[in-house]
Amino acid sequence: MDKFGLKALVPLVRQGDPEVASKYDHSMALGADLSSMLHSLGIPRDSKRQAVLATFQSPWAETSRSEVEPTFYIPASFLGIDEVLQSESTPPCFDSVQRDQQRVALFQDETLFYLFYKHPGTVIQELTYLELRKRNWRYHKTLKAWLTKDPTMEPVVSPDGLSERGSYVFFDPQRWEKCQRDFLLFYNAIM
């Protein structure tokens with residue numbers, strides 16, 4: 001019998017064989033019932049709809065909810081632009097490349113980055129990519145990050161013409177901010 005496959009899992013789930021039951025911990029195969037934790041989470045047991053995930057912080061006590069799930073807000077660039085997004089009841093829909101290109105051109109850089117990273121492999125990612133390129137941002141394939149030249153400093157091109165060293169502004173998707181640093185940029189690494 002396959003020791004670590006699905007066939008080995010069947011006796012653990014059935015809990016029928018006393019020999020198997022004495023060797024293994026069934027909770028690893030069956031999982032744990034979290035209903036006993038409801039009271040400690042402040043959720044009444046008789047509640048029909050138990051919103052455990054809305055209050056459950058993390059299985060690790062040292063991790064707070066704010067580290068697990070960031071709070072989201074509507075960026076200022078979404079507000080005050082008529083007809084960019086539909087009404088609040090219907091989500092934004094990007095279905096016409098020509099019209100959507102004009103809409104995407106109205107967004108601030110941070111909103112474009114959000115759409116680029118949020119919708120991989122879609123038309124909106126392609127549209128945001130094209131708009132960021134128009135704004136002199138380049139995507140670094142190895143770092144998987146966007147960068148642009150610092151407008152106050154001119155980079156120095158290498159003698160072989162394959163790279164340049166200069167000051168660049170990077171968009172860090174982890175910290176969601178622009179940061180500036182000196183960098184050796186190889187032209188074949190950007191799109």
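Structural notes, computed from the coordinates. Here the residue numbering is sequential within each chain, running from 1 through the sequence in written order. The model is predicted, so local features are restricted to residues of pLDDT at least 70 and side-chain atom pairs to those at 80 or more, both for listing and for counting; the totals for chains, interfaces and linings are taken over all residues. Hydrogens are left out, water is left out, and the side-chain values use all remaining heavy atoms of the structure.

Okay, the overall build of the chain next. Within the chain one finds eight helices and five strands. Helix and strand assignments follow DSSP, with helices taken as H or I runs no shorter than four residues and strands as E runs no shorter than two, numbered in order from the N terminus. Secondary structure elements of the chain occur, N-terminal to C-terminal, as α-α-α-α-α-α-α-α-β-β-β-β-β. Burial analysis of the chain (191 residues in total) assigns 27% to the buried set. Here, residues are in contact when the closest pair of their heavy atoms is within 4.5 Å. Considering only contacts within the chain whose residues lie at least 6 apart along the sequence, 33% involve residues at least 24 apart. Here the accessible surface of atoms and residues is derived via Shrake-Rupley with a 1.4 Å probe, and residues count as covered only by protein chains that are part of the display. Accessible surface, the chain as shown: approximately 14300 Å² in total, 56% of it carbon and sulfur. The buried label goes to any residue with under 20% of its type's maximum accessible area, the exposed label to any with over 50%, and the partly exposed label to all in between, with areas taken from a 1.4 Å probe on protein chains only.

The next point concerns unusual backbone geometry. Glycine aside, the phi torsion of most residues is negative, and most peptide linkages are trans. Its identity as a non-glycine residue notwithstanding, Asn136 has a phi of 70 degrees, on the positive side. Among the structural elements, Asn136 can be located in the loop between helix 8 (123–134) and strand 1 (138–140). In this structure, Lys144 is a non-glycine residue whose phi angle is positive, near 55 degrees. Inspection of the secondary structure puts Lys144 in the loop between strand 1 and strand 2 (145–149).

The buried fraction of strand 4 (residues 163–172) amounts to nine of the 10 residues, a majority that puts the element mostly inside the structure. Summarising the sheet, strand 2 and strand 4 pair through four bridges and their orientation is antiparallel. Each bridged residue has a counterpart across the sheet, and for Trp146 the counterpart in strand 4 is Phe171. Between any two strands, pairing holds if DSSP finds at least two bridges. Bridging between strand 3 (residues 156–157) and strand 4 involves two bridges; their strand directions are antiparallel. Within strand 4, the residue paired with Val156 across the bridge is Arg165. Hairpin remark: strand 3 followed by strand 4, antiparallel, with five residues in the connecting loop; positive phi at Gly161, about 75 degrees. In the sheet, strand 4 pairs with strand 5 (residues 177–186) via 10 bridges, with the strands oriented antiparallel. When the sheet's bridge partners are listed, Tyr168 is paired in strand 5 with Arg181. Between strand 4 and the antiparallel strand that follows it, strand 5, lie four residues; Trp176 among them carries a positive phi value of about 55 degrees.

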